[in-house]
Amino acid sequence: MLRKLRKAALTAATCLVMAGLAFGQMGTFTGKVIGEDGKGIQGAVIKIERKDIKGNWNTKTNKKGEWTYSGMPVPGQFVINCEINGQVVDAVNGIRSQMGEPQEVIFDLRKMAAQRQAAQKAAETGQISQELAKEMTPEQKAAYEKQLKERSAQMQKNKALNDAYNAGMTAKEAKDYPTAIESFKKAGELDPKQSAVWIQLAATHDLLAKTQSGADKEASLNSAAENYLKALELQPADAGLHNNYGLVLAAQKKIPEAKAELEKAVSLEPAGGGKYMFNLGAVLINTGQTDPAVEAFRKATELDPKYAPAWFQFCSALSGKMTLQGDKPVAPAGMKEACEKYLELDPTGPNVEAAKGLLQLVGGTIETNFVNPDAKKGGKKAPKK
């Protein structure tokens, strides 16, 4: 019986020792968050994530910026993030928990600010400061120097690109189109992937064409079209580009191609379809294609019922289809309503008098006899022309 009691006591003692060992195999992380002013930051969130197996723990800093988290499994590998106002401001990766003394992790934002300034200076000068170099391994230093060279070259390229582009814009605004074209060409050579450069180059060629005639105008329009195509290669879903390219094609008298581009613009951006179909109607009316123009303007009013210019042009295009019954003009269906809608939407617009004139025309008669305004009352009638 005595043996059994001793054996039981020994077993209990062993369990207590093992329990003590199990409890002791827990680590502690502690540290502080220091702001750029050198003071501790209260309320910073410390997020601890175990990497070898799943596990996450959070805590916050106290008034002095200090924090502690105990009971971490040993051994374990962790990432500790410091968040301020929801943004990660610093992190320590690969830290391991251990028994005994707590593992200290200090997040010093002063040091980070100094490192940012040193990195910025290095980027500007192309040289690593001694302070920054001390914190790097030879491999890190070599990689960073390579990055500096690449960044320096890119910055120089970007500066040259911006300078050329801005010079082009300045010359374009001054209507110095040849100089603007040369500047935009230089920008395009520096970075062919900048669609804005090709758009401005195309637009400048188009503006230049409007000041020219003959072969020079044709050449400028060809260049405008080529550069719009380059821009469309980079931005094929840009409705505005299809619209602008279509208008250049129209100026080149490539009407089917222009029509296709403007219809493409409508399909890509239905909200802007009223203006795009208005442009198509203008292209068609200017080339004497009245019936297709009427349909384009009709579609423009359907896509954007509040776009007043489309209503006037719809009315105006329809006026070309008026007929006569005796000496009275007969308006085609929709013409009178289109003119009235224009006057409703834009009662002080540039085409008000023209719209009123068309309305008066379809409400009255056309004079077919010529009357000499200088003839005296009661005199002979003027001869008919």
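Scroll up for the structure.
About the thresholds
Residues numbered from 1 in each chain as written. Predicted model: local features only at pLDDT ≥ 70, side-chain atom pairs only at ≥ 80, totals over all residues. Heavy atoms only, no water. Helix = DSSP H or I, 4+ residues; strand = E, 2+ residues; numbered from the N terminus. Buried < 20%, exposed > 50% of the residue type's maximum accessible area, 1.4 Å probe, protein only. Contact = heavy atoms within 4.5 Å. Areas by Shrake-Rupley, 256 points an atom, 1.4 Å probe, with all protein chains shown as cover. Pairing = 2+ DSSP bridges. Axes fitted to C-alpha atoms, helices over the stretch in contact; angles between N-to-C directions. Core = buried A, V, L, I, M, F, W, Y, C linked by side-chain atoms within 4.5 Å. Disulfide = S-S within 2.5 Å.

Asks: I'd like a rundown of the overall build of the chain, residues and numbers included.
Replies: From N to C terminus, the chain includes 14 helices and nine strands. Residue burial in the chain is summarised as follows: out of 385 residues, 35% are buried. Of the contacts made within the chain by residues no fewer than 6 positions apart, 50% connect residues no fewer than 24 positions apart. Accessible surface, the chain: about 24100 Å² in total, of which carbon and sulfur atoms supply 52%.

Asks: How would you summarise the sheet that holds strand β7 (residues 103-108) if you had to cite specific residues and measurements?
Replies: One open sheet accounts for three strands, arranged β4-β1-β7; its pairing is mixed. In this open sheet, the two strands that pair with only one neighbour each are β4 (66-73) and β7. Across the sheet, the axes of successive neighbouring strands diverge by a mean angle of 20°, strand direction being ignored. With seven bridges connecting them, strand β1 (residues 26-34) and β4 associate as antiparallel partners. Bridge pairing in β4 places Thr30 opposite Thr68.

Asks: Before we move on, can you summarise the nonpolar core with the specific residues and values?
Replies: Tyr228, Phe314 and Tyr342 are the most contacted members of the largest nonpolar core, which has 57 residues in total. In terms of residues, this core owes the most to one element, helix α12 (residues 308-319), which gives eight residues. Filtering out sequence-adjacent residues up to four positions away, Tyr228 remains in contact with Ile199, Ala202, Ala203, Leu241, Asn244, Tyr245 and Val248. Ranked by size, the runner-up nonpolar core spans 16 residues in total, among them Val33, Ile80, Cys82 and Ile95.

Asks: Just give me the short version of the state of the cysteines, but keep the residues and values in it.
Replies: Taken as a whole, this structure holds one disulfide when the rule is applied. Shown here is the disulfide that connects Cys315 with Cys339, its sulfur atoms set 1.7 Å apart. Taken as a pair, Cys315 in helix α12 and Cys339 in helix α13 (residues 335-345) lie far apart in primary sequence, 24 residues in all. On the accessibility criterion, Cys339 (0% relative accessible area) is buried.

Asks: Would you mind going over the side chain of His205 in detail, with residue names and values included?
Replies: Mapped onto the elements, His205 comes out in helix α6 (residues 195-209). You can call His205 buried: its relative accessible area is 8%. If we ignore the near neighbours within four places in the chain, the residues touching His205 are Ile181, Ser220, Ser223, Ala224 and Asn227.

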